[in-house]
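# Examination of the molecular architecture
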Amino acid sequence: MTASNKEKIRKIYETLPKLNCGLCGYGNCGQFAKAVAEGRASPFGCRQNPWSGYRISEIIGAEVPAHGHRFQPAFVSSLLRASSPTMDLKTLREELKEVSQGVDDILARIENLKTRR
Ligand code: SF4
């Protein structure tokens, strides 16, 4: 691992809530930070604070549109370019599955809020 990659992981880690809850699919925040730095996870994958993905995207050099980052093909392609030039179709499929799960989470939260009224 290069020094710059270690620095990237450290910076990503600093933006995370550090709850080590595992909801992102990784054992702890450190493992998630490493996966993002290596292009194996989306910068928006933290379930406790997905908005940290904006800062993380800056750290890894991915361009993020101001609104609707999850639905922008340009964002996905910039993420792929920034994170790993060798990201394969399987990884992209996993990224898109994660995006889809994120949308489902948001819709479930909206439904939950509606029922509370
Ligand atoms: S979901 Fe967020 S807080 Fe929980 S382990 Fe993953 S990165 Fe850490």
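Scroll up for the structure.
Let us look at the structure shown here. Remember, it's a predicted structure, so these values are computed and weren't measured experimentally.

So, about the pattern of salt bridges. Evaluation of the coordinates by the stated rule reveals six salt bridges. Two residues, Lys 34 and Glu 38, come together in a salt bridge whose shortest N-O distance is 2.8 Å. Through salt bridges with shared partners, one network takes in Lys 34, Glu 38 and Arg 40.

Before going further, it helps to spend a moment on the packing of aromatic side chains. Enumeration according to the criterion identifies two aromatic pairs in this entry. Between Phe 44 and Tyr 54, the aromatic rings sit 5.1 Å apart at their centres with planes inclined by 90 degrees, giving edge-to-face as the arrangement. Residue Phe 44 is located in the loop between α2 (29-37) and α3 (52-60), and its partner Tyr 54 is located in helix α3; the two are separated by 10 residues in the primary sequence. Judged by its relative accessible area of 2%, Phe 44 is buried. Here Lys 18 stacks its cationic end above the ring of Tyr 13, 5.3 Å away from the centre of that ring.

Let us now look at a nonpolar patch on the surface. Together, Ile 106, Leu 107 and Ile 110 line one region of the surface with nonpolar side chains, adding up to about 260 Å² of accessible area. Inspection of the secondary structure puts Ile 110 in helix α5 (residues 89-116).

Here the focus is the environment of Asp 105. Here Asp 105 shows up in helix α5. The partly exposed category is assigned to Asp 105, whose relative accessible area is 25%.

Here we take up the site of the ligand. In the vicinity of the ligand, the contacting residues are Pro 17, Leu 19, Asn 20, Cys 21, Gly 22, Cys 24, Asn 28, Cys 29, Phe 32, Cys 46, Arg 47 and Gln 48. Considered class by class, the residues forming the shell around the ligand number seven nonpolar, four polar and one charged.

Okay, the nonpolar core next. One finds Ile 12, Leu 16, Phe 32 and Val 36 to be the most contacted residues of the largest nonpolar core, which totals 15 residues. Counting residues per element, the ones that place at least two in this core are α1 (3-15), α2 and α3. Examining the composition of this core, we find that six residues originate from one element, α2, more than from any other. Ignoring sequence-local partners within four residues, the contact set of Ile 12 consists of Ala 33, Val 36, Ala 37, Ile 56, Ile 59 and Ile 60.

Now for unusual backbone geometry. For Lys 18, which is not glycine, the phi torsion reads 60 degrees and is therefore positive. Within the element layout of this structure, Lys 18 appears in the loop between α1 and α2. Looking at Lys 18, the relative accessible area reads 31%, which means it is partly exposed. Residue Asn 20 is not a glycine yet carries a positive backbone phi of 50 degrees. With respect to the element layout, Asn 20 can be found in the loop between α1 and α2.

Reading the values: the criteria
Throughout, a residue's number is its position along its own chain's written sequence, starting from 1. For a predicted model such as this one, the threshold for reporting local features is a pLDDT of at least 70, and the threshold for listing and counting side-chain atom pairs is 80 or more; totals across whole chains, interfaces and linings nevertheless cover every residue. With hydrogens and water excluded, all non-hydrogen atoms of the structure serve as input to the side-chain values. We count a salt bridge whenever a side-chain nitrogen from Lys or Arg sits within 4 Å of a carboxyl oxygen from Asp or Glu. Aromatic rings from Phe, Tyr and Trp, with only the six-membered ring used for Trp, were paired whenever their centres fell within 6.5 Å, and each pair was classed as stacked if the ring planes differed by under 30 degrees, edge-to-face if by over 60, and tilted otherwise. Strands are runs of DSSP state E lasting at least 2 residues, helices are runs of H or I lasting at least 4, and numbering of each runs from the N terminus. For the exposure calls, accessible area comes from a 1.4 Å probe over protein chains only, and a residue counts as buried if that area is under 20% of its type's maximum, exposed if over 50%, partly exposed in between. Both a distance and an angle decide whether a charge sits over a ring: NZ of Lys or CZ of Arg must be within 6 Å of the ring centre and within 35 degrees of the ring normal. Only residues above 30% relative accessible area that lack a salt bridge enter a patch, with like-charged residues linked at up to 9 Å and the nonpolar side chains Val, Leu, Ile, Met, Phe, Trp and Tyr linked at up to 5 Å. To measure how exposed things are, a 1.4 Å probe is used in the Shrake-Rupley method; for residues, cover is taken only from the protein chains shown. The rule for a residue being near a molecule or strand is that one of its heavy atoms must lie within 4 Å of it. In this count, Pro and Cys sit with the nonpolar residues alongside Ala, Val, Leu, Ile, Met, Phe, Trp and Tyr, while Asp, Glu, Lys and Arg are called charged and the others, Gly among them, polar. To define a nonpolar core, start from buried Ala, Val, Leu, Ile, Met, Phe, Trp, Tyr and Cys residues and group those joined through side-chain atoms within 4.5 Å. Pairs of residues are marked as contacts when any of their non-hydrogen atoms sit within 4.5 Å.

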